[in-house]
Amino acid sequence: MEAILSEIRQQLPAALTVDAATVETVWGEPGAYVLLMDLESPVRFARKGIAATSLSGWLVYAGSARGRGGIGARLRRHFRQDKKVHWHADELTNTAARLSALAIPEGAECSIVARLTASGRFETALAGFGSSDCRCCQAHLLRPQGALIEATGSRSDERKRPRAQNY
């Protein structure tokens, strides 16, 4: 996980690491965020306009948070487990074994996707995912490329995602 986060930080130097305990630090800040999640078991995903598929492994989602509460409110929601599915990403974050987040105040999700894919280290995971209102991105869900996956090493030494508190 650290190798993937390190690569994302290298591509997005303004990104701030945020977890369930620190979401208040970006409360009210408009901008964008990145979720890094590990789906140990395949998650079946099917939506109108998006090909039905099973998603698993390491995934990177770029989202925006411009409404009330900003990035902090959106990330607090993503860190909650067993939430009602509202956004595409909810199905993935509800089942992720590990979840990390980076906040980019004043950032834009399309810029995040462009920088990560331009690095050659990330590729589209599922066309149309999270980008139904976007005219420039194939998707806002990416998959790390081979070398980054190999660099994560064994999963056995990583901590499982602790159950987040419901707010």
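Attention here is on the structure that accompanies the text.

The next thing to look at is the overall build of the protein. Along the protein, the regular secondary structure elements total five helices and six strands. Ordered by position from N to C terminus, the α and β elements of the protein give α-β-β-β-α-α-β-α-β-β-α. Residues classed as buried in the protein amount to 49% of the 167 residues present. Put simply, 73% of the contacts in the protein that link residues at least 6 apart link residues at least 24 apart. Carbon and sulfur atoms make up 47% of the accessible area of the protein, which amounts to about 8,400 Å² in all.

With that settled, consider the pairing of strand E3 (residues 50–65). One ladder, built from 13 bridges, connects strand E2 (residues 31–47) with E3; its direction is antiparallel. Bridge assignment links aspartate 38 to a residue of E3, and that residue is tryptophan 58. The loop that links E2 with its antiparallel partner E3 comprises two residues; one of these, glycine 49, has a positive phi angle of about 85°.

The next subject is helix H3 (residues 88–95). Judged by how many residues are buried, H3 sits mostly within the fold: seven of eight residues are covered. The inward-facing, buried residues of H3 abut E2, E3, helix H2 (70–79), strand E4 (98–105) and strand E6 (141–144).

Turning next to the sheet that holds E4. Within the open sheet, the six strands sit side by side as E1-E4-E2-E3-E6-E5. Their pairing is antiparallel. The sheet is open, and its two borders are formed by strand E1 (16–18) and strand E5 (122–124), each paired with just one other strand. Strand-to-strand twist of the sheet, defined as the mean angle between neighbouring strand axes without regard to direction, takes the value 40°. Strand direction decides the pairing type here: E2 and E4, joined by eight bridges, are antiparallel. Within E4, the residue paired with valine 34 across the bridge is leucine 102. Each of E2, E3, E4, E5 and E6 touches helix H4 (residues 109–118); the most contacted strand, E3, lies at about 120° to it.

Time to look at the environment of serine 131. Its location among the elements puts serine 131 in the loop between E5 and E6. Linking serine 131 and alanine 62, residues 69 residues apart in sequence, is a C-alpha distance of 9.5 Å. Discounting residues that sit within four places of it in the chain, serine 131 has contacts with Cys137, Gln138, Ala139 and His140.

Taken as a whole and judged by the stated rule, the model has five salt bridges. Here glutamate 7 ties to arginine 121 by a salt bridge, and the two come within 4.0 Å at their closest N and O atoms. Of this pair, glutamate 7 sits in helix H1 (residues 2–11) while arginine 121 sits in the loop between H4 and E5, and the two are 114 residues apart along the sequence. Looking at glutamate 7, the relative accessible area reads 8%, which means it is buried.

Our focus in this paragraph is the nonpolar core. Leu35, Met37, Leu55, Tyr61, Leu75, Leu92 and Leu141 are the most contacted members of the largest nonpolar core, which totals 26 residues. When residues of this core are assigned to their parent elements, the largest contribution, six residues, is made by E2. In this view, leucine 35 contacts Leu59, Val60, Tyr61, Leu75, His78, Thr93, Leu99, Ser100 and Ala101; residues no more than four positions away in its chain are not counted. Val34, Ala62, Val113 and Leu148 belong to the second-largest nonpolar core, a separate cluster that totals 22 residues.

Since the α-helix turns once every 3.6 residues, residues separated by three or four places project in the same direction. The set of residues buried in H1 consists of Ile4, Leu5, Glu7, Ile8 and Gln11. Taken down its axis, H1 places every buried residue within 160° of arc, on the same side. Relative to its buried face, H1 has exposed residues pointing more than 90 degrees away, namely Glu2 and Gln10.

Rules and cut-offs
Residues numbered from 1 in each chain as written. Predicted model: local features only at pLDDT ≥ 70, side-chain atom pairs only at ≥ 80, totals over all residues. Heavy atoms only, no water. Helix = DSSP H or I, 4+ residues; strand = E, 2+ residues; numbered from the N terminus. Buried < 20%, exposed > 50% of the residue type's maximum accessible area, 1.4 Å probe, protein only. Contact = heavy atoms within 4.5 Å. Areas by Shrake-Rupley, 256 points an atom, 1.4 Å probe, with all protein chains shown as cover. Pairing = 2+ DSSP bridges. Axes fitted to C-alpha atoms, helices over the stretch in contact; angles between N-to-C directions. Salt bridge = Lys/Arg side-chain N within 4 Å of Asp/Glu carboxyl O. Core = buried A, V, L, I, M, F, W, Y, C linked by side-chain atoms within 4.5 Å. Arc of directions from axis to C-beta.

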